[in-house]
Amino acid sequence: MAAATRIPEAHEPLLGQRDDLNLPPEPREKIVVNLITGKRQSPRLFGVSALLLQVQAALILQPTSTPQQKQLGTHIHYGIQLASILCFLGAFIVIEINKRGHPHFVSLHGILGLLTVIFVVLQALVGVAQYFLPVTIFGSVDGGKRIYKYHRWSGYALLLLEAALFLAATQIGILAIPTWSVVLTLILILLGLGTRIKKRKLGLGNH
Ligand code: HEM
């Protein structure tokens, strides 16, 4: 029975490892250059960081009770969400630059990515309007506060959209990790956040 034999690459010794040849190390790009050119990991790094930050930003408000906690929590929420948006935009821009000449938004992951970026920016604009500009945009501070409930609903819906975006990434193999580990991670994230939601804050029941 013939065993499958790996044929060495031209630069490899027939026996032994590449290191045995005492060749100089392969040139490595600085991570900053890699982040901007996006040749290797940057869209993945940006994407995973964006999701991680978004989850942390929601957790920081789950729960807040005193006015001081609410104020501090919302300021931290705002700062983390801004960092998260920069990561989403970073991932999106690097992919679009690297796709020059190739068709855009053809896969489910591509379409969900575009929707996510649009939704994230709109969500943040509403967040800023309701909290920092309630009188100008909604007529009064209470008018701004009435929007909080919808911002929470859409914030959690956005997290579901992001979960679908990551699942769709496994279909085209760009995460380079097994699908089951992505599914398990997403389930744990959604359970962790979901069980901490105060139904009352979504306008449902008294809890
Ligand atoms: C894409 C960006 C954003 C997402 C995904 C998002 C998501 C969320 C979520 C899920 C909640 C509910 C947390 C809870 O259960 O209490 C929330 C609450 C809130 N967010 Fe955002 N948010 C974003 C951006 C912003 C920004 C930029 C601001 C500006 C200050 C903001 C202000 C608020 C406020 C005031 C609340 C309610 C706080 C409270 O319950 O006292 N959000 N957001």
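The structure under discussion appears in the preceding block.
Below: a short report on this structure. Quantities reported herein were computed from a predicted structural model and do not represent experimental measurements.

So, helix α4 (residues 108-132)
For α4, which comprises 25 residues, the first-to-last C-alpha distance of 36 Å matches the rise-based estimate of 36 Å (1.5 Å per residue) to within 8%. What α4 keeps buried is the set His109, Leu112, Gly113, Thr116, Val120, Gly127 and Gln130. Here the buried face of α4 lies against α3 (67-98), α5 (134-138) and α6 (141-171).

Quick word on α3
For α3, spanning 32 residues, the distance from its first C-alpha to its last is 46 Å, which sits close to the expected 46 Å at 1.5 Å a residue. Taken residue by residue, α3 has His77, Gln81, Ser84, Cys87, Phe88, Gly90, Ala91, Phe92 and Val94 as its buried positions. Among the structural elements, α2 (42-59) and α4 are those in contact with the buried residues of α3.

A few points about the environment of Ile197
Here Ile197 shows up in the segment after α7 (179-194). Residues Ile197 and Gln62, 135 residues apart in the sequence, show an inter-C-alpha distance of 6.8 Å.

What to know about the packing of α6 against α7
Two elements in contact, α6 and α7, have axes separated by 9 Å at closest approach and are oriented at 170 degrees. Considering their axes alone, α6 and α7 lie roughly antiparallel with respect to each other. Residues Leu159, Ala163, Phe166, Leu167 and Thr170 of α6 form the contact with α7, whose participating residues are Thr179, Val182, Leu186, Leu190 and Leu193. Of the residues assigned to the contact of α6 with α7, the class counts are 8 nonpolar, 2 polar and no charged.

Parameters at a glance
- Residues numbered from 1 in each chain as written.
- Predicted model: local features only at pLDDT ≥ 70, side-chain atom pairs only at ≥ 80, totals over all residues.
- Helix = DSSP H or I, 4+ residues; strand = E, 2+ residues; numbered from the N terminus.
- Expected span 1.5 Å × (residues − 1).
- Buried ≥ 20, exposed ≤ 12 C-beta atoms within 10 Å, placed from the backbone.
- Contact = placed C-beta atoms within 7 Å.
- Axes fitted to C-alpha atoms, helices over the stretch in contact; angles between N-to-C directions.
- Parallel < 35°, antiparallel > 145°, perpendicular 65-115°, else oblique.
- Nonpolar A, V, L, I, M, F, W, Y, C, P; charged D, E, K, R; others polar.

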